[in-house]
Amino acid sequence: MASGEVTARIWRGGTEGHFQEFRLGYRHDQTVLDLVTEVQRRHDPSLAYRFACRVGMCGSCAMTVSGRPRWTCRTLVADVVDKGAVTLAPLTNLPVIRDLVADMTPFFEKWRKAGGRFEAGETPAEAFSTITHDDPARRAVDAGIECINCGVCYAACDVVRMRDDYVGPAALNRAWTLVNDARDAGGPARLAQVAEGGCLACHTRQRCAQYCPKGLNPTEAIAGLKRRVTAAALKGEL
Amino acid sequence: MSARLDVWLWLAHRASGALLAPLIVAHLVTIVIAVQGGLDAAEIVARTRGSVFWGGFYFLFVAAAALHAGLGVRSFVAEHARLSNGPATAIGVVLGLVLLVMGGRAVAGLVL
Ligand code: SF4
Ligand code: SF4
Ligand code: FES
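Along each chain, numbering runs from 1 in the same order as the chain's sequence is written. Whichever chain is written first is A, and whichever ligand is written first is 1; the rest continue in order. Per-residue local features are limited, in this predicted model, to residues with pLDDT of at least 70; the limit for side-chain atom pairs, both in listing and counting, is 80 or more; totals at the level of whole chains, interfaces and linings are taken over all residues. Side-chain numbers here rest on the full set of heavy atoms in the structure, without hydrogens or water.

Asks: Can you help me understand the site of ligand 1 in this one?
Replies: Residues and elements named next belong to chain A. We call a residue near a molecule or strand whenever a single non-hydrogen atom of that residue lies within 4 Å of it. Neighbouring ligand 1 are 13 residues; C157, Y166, C202, Q206 and C208 lie closest to it. Elements are defined by DSSP. Helices are runs of H or I of four residues or more, strands are runs of E of two residues or more, and each kind is numbered from the N terminus. Elements supplying a minimum of two residues to the shell around ligand 1: α9 (207-211) and α10 (218-234). Charged means Asp, Glu, Lys or Arg here, nonpolar means Ala, Val, Leu, Ile, Met, Phe, Trp, Tyr, Cys or Pro, and polar covers whatever is left, Gly included. Class assignment for the residues of the shell around ligand 1 results in 7 nonpolar, 4 polar and 2 charged.

Have a look at this one:
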């Protein structure tokens, strides 16, 4: 992997704005987030961007990197530099606060709208739920549980772009982990919540799965929800 | 719009699509057979007039197409014209009814 020089075109402003160019050197092991930090520390302290963990855990550093959403703390400059340049913009499908910072409020509001919270039920559980490792429902939860809420899938999804009411892949992936949680008491009400403005609107084009930095497959979770929702409707439970 | 109605419409869209596939194949095969020796209105009407089978076949075809197209356009305008569910459903219903009436008249003309 090479080191070299790169022209970083960085979005400045809010919804209206422009790209500002910075000419920088980069090292073979430097991440896109490091590059942005360097710009902010050495060239323009007014640049706004967001990060916390720098190791791919918190989900706060996602941006649009040369046209596609990525987690910038685990993306090497060397891997994305194209013809000596890289273009950095805030995540799409979300309002822009300033520079590289998108407003995540709609993302988390939809998470709530899709019932993303564990429901304990009215009465305390009388006994521990026994869940074995090879239980198929447990496996389905495992497949989706590592989501870091980075919003990459949300920014990548065509249906999110086209439909204001669509809750998006991450929220549905979360709902699927709860539907498969033996301890969750959400029941048919949870399924009704994910049907409307939810799983039925998905086009199954898998852009979410293609770009998810954690390698999750929200499309598969959504397909599972479609099956559950259909079964519930046929049984008259919705 | 209730979640239940949404699910039923979604299912109807898939089911009508699944039904259309074999009907279209049968329709194409029938055309190929019917045009052997030239396209002749009298020959076609002779086959379909008074036939419960052809009447049922084409009416099912028309109903499935009207349902499928109406529901498809409903999603399409919701996405591309950014309409909310209510107006999008209204447009889909109107289109579906127009197709159903036009197709129904054509089938009646062949069979009755
Ligand atoms: S598969 Fe569904 S949720 Fe994923 S990007 Fe496509 S439409 Fe969005
Ligand atoms: S599903 Fe993947 S891309 Fe979407 S928010 Fe979670 S970690 Fe990010
Ligand atoms: S800074 Fe935490 S995931 Fe990138």
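There's plenty left to go through after this.
Asks: What am I meant to see in unusual backbone geometry here?
Replies: Among all residues except glycine, the phi angle is most often negative; among peptide bonds, the trans geometry is most common. All names here are of chain A. Backbone geometry at S66 places phi at a positive 45°, although glycine is not the residue there. Inspection of the secondary structure assignment puts S66 in the loop between β3 (62-65) and β4 (68-71). For the exposure calls, accessible area comes from a 1.4 Å probe over protein chains only, and a residue counts as buried if that area is under 20% of its type's maximum, exposed if over 50%, partly exposed in between. What makes S66 partly exposed here is its relative accessible area of 38%. A positive phi is found at D99, a non-glycine position, where the angle reads about 50°.

Asks: Would you explain a positive patch on the surface in this entry?
Replies: Residue and element names in this part refer to chain A. Taken together, the side chains of R27, R41, R42 and R54 define a basic patch exposed on the protein surface. One can find R42 in helix α1 (residues 32-43). By relative accessible area, which is 67% here, R42 ends up exposed. For patch detection, residues must exceed 30% relative accessible area and be free of salt bridges, and they are connected within 9 Å for like charges or within 5 Å for nonpolar side chains (Val, Leu, Ile, Met, Phe, Trp, Tyr). Only the protein chains shown count as cover for residues, and all accessible areas are computed by the Shrake-Rupley method using a 1.4 Å probe. One speaks of a salt bridge when a side-chain nitrogen belonging to Lys or Arg is within 4 Å of a carboxyl oxygen belonging to Asp or Glu. Counted charges follow a simple rule, with Lys and Arg positive, Asp and Glu negative, and His plus the chain ends left uncounted. Charged groups are reduced to one reference atom each: NZ for lysine, CZ for arginine, CG for aspartic acid, CD for glutamic acid.

Asks: Would you mind showing me how to read the packing of helix α3 (residues 105-113) of chain A against helix α7 (residues 169-179) of chain A here?
Replies: Packed helices, taken two at a time, are described by the angle between their axes plus the distance between the axes. All names here are of chain A. Packing of α3 against α7 brings their axes to within 9 Å, and their N-to-C directions diverge by 30°. Here α3 is positioned roughly parallel relative to α7, judged by the angle of their axes. Along this stretch, α3 crosses α7, giving a crossing that reads as right-handed. Contact with α3, carried on its side by F107, K110 and W111, involves A170, A171 and R174 of α7 and no other residues of that element. Whenever a helix is involved, its axis is fitted only over the stretch in contact; in every case the axis is a line through C-alpha atoms, and angles between N-to-C directions fall within 0 to 180 degrees. Each angle gets one of four labels, with under 35 degrees taken as roughly parallel, over 145 as roughly antiparallel, 65 to 115 as roughly perpendicular, and the rest as oblique. Handedness of a helix crossing follows the sense of rotation of the near helix relative to the far helix, less than a right angle counterclockwise being left-handed and clockwise being right-handed. In what follows, a contact means two residues having at least one pair of non-hydrogen atoms within 4.5 Å.

Asks: Please clarify how the interface of chain B and chain A should be interpreted in this entry.
Replies: By a frequent convention, interface size equals the accessible area lost on bringing the separate parts together. With 15 residues of chain B at the contact, the number on the chain A side is 17 residues. Here chain B and chain A share an interface that buries about 1,400 Å² over both sides, 56% of which is from carbon and sulfur atoms. Across the chain B-chain A interface, the total number found is 2 salt bridges. The closest approach of N and O atoms between R82 of chain B and D164 of chain A, which form a salt bridge, is 2.5 Å. As used in this structure description, the phrase polar contact means that two N or O atoms lie within 3.5 Å; if the pair is within protein, one of them must be able to donate a hydrogen and the other to accept it, and residues adjacent in sequence are counted only when both atoms belong to side chains. Counting every contact that joins chain B to chain A gives 5 residue pairs in polar contact (both at pLDDT 80 or more). Among the elements that line the side of chain B that touches chain A, the one with the most residues is helix α1 (residues 3-34) of chain B, at 7 residues. Classifying every residue of the side of chain B that touches chain A gives 7 nonpolar, 4 polar and 4 charged. As a working definition, buried area equals the accessible area (1.4 Å probe) given up by two parts on being put together, with both sides summed.

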